[in-house]
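# Structural features, examined
The residues making up each chain are set out below.
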Amino acid sequence: MPALSPELANRLSNARHRRSIITVVVGGIVVVALIAYGLVASRKPTVAAAPSTPTGLRADANTCAPPECHTIGSTVTLTWAAPADVTITAYHLFRDGLEMKTPSGSPLTAPKYTDDTAAFGVAYHYTVSATGAGGTSGLSDSVAVTPPDPPKSVAQLSGEYRVLVTVQHVSYLKSLEGITNPAAGDTKKETWSFTPKCAVGTGPCDTAVNLGKPPLHRQGSTYTGSITREGANCLGAPDVPARISFHLATDGAERDSVQGWRIRSFSGTFTVTLACGGFISAGTLTVRSLGQ
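Residues numbered from 1 in each chain as written. Predicted model: local features only at pLDDT ≥ 70, side-chain atom pairs only at ≥ 80, totals over all residues. Heavy atoms only, no water.

Further remarks concern the environment of Ile-280. Within the fold, Ile-280 resides in strand 19 (residues 279-289). Given a relative accessible area of 57%, Ile-280 falls into the exposed group. In sequence terms Ile-280 and Cys-234 are 46 residues apart; their C-alpha atoms lie 9.5 Å from each other. Those residues in contact with Ile-280, other than ones at most four positions away along the chain, are Ser-171, Tyr-172, Thr-273, Leu-274 and Ala-275. (Helix = DSSP H or I, 4+ residues; strand = E, 2+ residues; numbered from the N terminus. Buried < 20%, exposed > 50% of the residue type's maximum accessible area, 1.4 Å probe, protein only. Contact = heavy atoms within 4.5 Å.)

On to the packing of aromatic side chains, then. Under the definition given, this model contains eleven aromatic pairs. For the pair Tyr-161 and Phe-194, a centre-to-centre distance of 5.7 Å together with 80° between the ring planes defines the contact as edge-to-face. Note that Tyr-161 is positioned in strand 9 (residues 159-171) and Phe-194 in strand 12 (residues 187-196), a separation of 33 residues in sequence. A relative accessible area of 2% means that Tyr-161 is categorised as buried. Here Phe-194 falls in the buried class, since its relative accessible area comes to 2%. Relative to Phe-270, the ring of Trp-192 has its centre 5.3 Å away and its plane inclined at 75°; by these criteria the two rings are edge-to-face. Placement of Trp-192 in strand 12 and of Phe-270 in strand 18 (residues 260-276) is noted, with a sequence separation of 78 residues between them. Overall, Trp-192 belongs to the buried group, its relative accessible area being 3%. The exposure class of Phe-270 is buried, given its relative accessible area of 0%. Connected via pairs of aromatic rings, a cluster forms that spans Tyr-161, Trp-192, Phe-194, Phe-246, Phe-266 and Phe-270. Its end group placed over the ring of Tyr-161, Arg-262 keeps NZ or CZ at 4.5 Å from the ring centre. (Phe/Tyr/Trp six-rings, centres within 6.5 Å; stacked < 30°, edge-to-face > 60°. Lys NZ or Arg CZ within 6 Å of the ring centre and 35° of its normal.)

A few words on the nonpolar core. Ranked by size, the top nonpolar core spans 36 residues in total, and within it Trp-192, Phe-194, Phe-266, Phe-270 and Val-272 carry the most contacts. Looking at this core, the elements that each hand over two or more residues are strand 9, strand 10 (173-176), strand 12, strand 15 (222-229), strand 16 (232-234), strand 17 (242-256), strand 18 and strand 19. Sorting elements by how many residues they give to this core places strand 18 first, with seven residues. In this structure, Phe-266 is in contact with Leu-157, Tyr-161, Val-163, Trp-192, Phe-194, Leu-248, Ala-249, Thr-250, Val-287, Arg-288 and Ser-289, ignoring residues within four places of it in sequence. Residues Ala-59, Trp-80, Ile-88 and Tyr-126 belong to the second largest nonpolar core, which totals 18 residues. (Core = buried A, V, L, I, M, F, W, Y, C linked by side-chain atoms within 4.5 Å.)

Counting buried residues in strand 6 (residues 124-132) gives eight out of nine residues, a clear majority hidden from the surface. Bridge count between strand 6 and strand 8 (residues 143-145): three bridges; the pairing is antiparallel. If you follow Tyr-126 over to strand 8, its bridge partner there is Val-143. Sheet topology note: the strand 6/strand 7 (residues 135-136) ladder contains two bridges and is antiparallel. Residue Gly-132 lies in a different strand from strand 7, and its bridge partner there is Gly-135. Connecting strand 6 to the antiparallel partner strand 7 that follows it, the hairpin turn spans two residues. (Pairing = 2+ DSSP bridges.)

The following block contains the structure:
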C-alpha cells in the first residue's frame, strides 16, 4: 500500500479527532438525558391517604320536660375523636344507616353534633366517617342509645280510649248509656275521646271528655268534673238532659306518635243524674280503660 502524503495523513488524523469529540459529546448528551429522565421518573406525584377511621364515638341522650322545657323534647349529643393523620374536611354522621344533615345543609366539620330530632323511648344506632383530601375513611364502630321517657307526671289525658262501662247502681231509668232496662252488673264497651285544653307535649292540663263542656279538672293524677248531655232515659216520664259527674284516676303513661306523651290507662266512676217527673233518677257506673 503506497505511503500517504503528510498532508493527507494530517487530514485523516483531524477527521478521526473530530469524530472522537462528536462521539464523546453525543455520548455525554445521552448520559445526561438518561440521568435527567431517571430523576424525573423517580419524582412521581404523591397520592394523599384517606383519613383513618374515627374512634371513641359516644352518644349521650337527654329528655327535657315542662316546666324545665316549654315542650317535651329529646336530644342526643354525639362526640368522637378526630383522626390525627390528615386534615379533615368533613365528617359524615349516620343514624340507623341514614346520613344526618346540619340544619343549614353545610358539611359537618367538628367532631361533635347534637341530634335534636330524636324521639324519647326510641332506640337509635349511630356511626361516623371522616373525609380528607385522599378520600373517606371507613365507618366507626356503632353506638346505640335510647332517649329516656319523661316522667308520668307530665303525661296528658288525650286521644281515644276503649273503655268498659259497668252498671253499679240504677233507679228509675229505662236506658242508661245505651243499655235498655239497666241493672247492676250490666256492661258495655265504648270509646271515649279526650281533648286537652293545652298543646300536645306541653304537660298535663284540664281535658274535655267526648267534647263535653266544661272540661274535667285535673288534680294530680285524678280528673273530676261534670257535664250535661243526653245519656239516659226516664222511666214513664219525658226525657230530660242528664248531669254526668266524673271521677277518674289515671295510671301510667305511654308514648303515642300523634298524642305525644299521654296517660296509658284510667279507672273510676261516673254518675248519671236526671229529674224524671219529679223523681230523681240516677245511675252509677264504673269505668276502666281497656288499652289500645
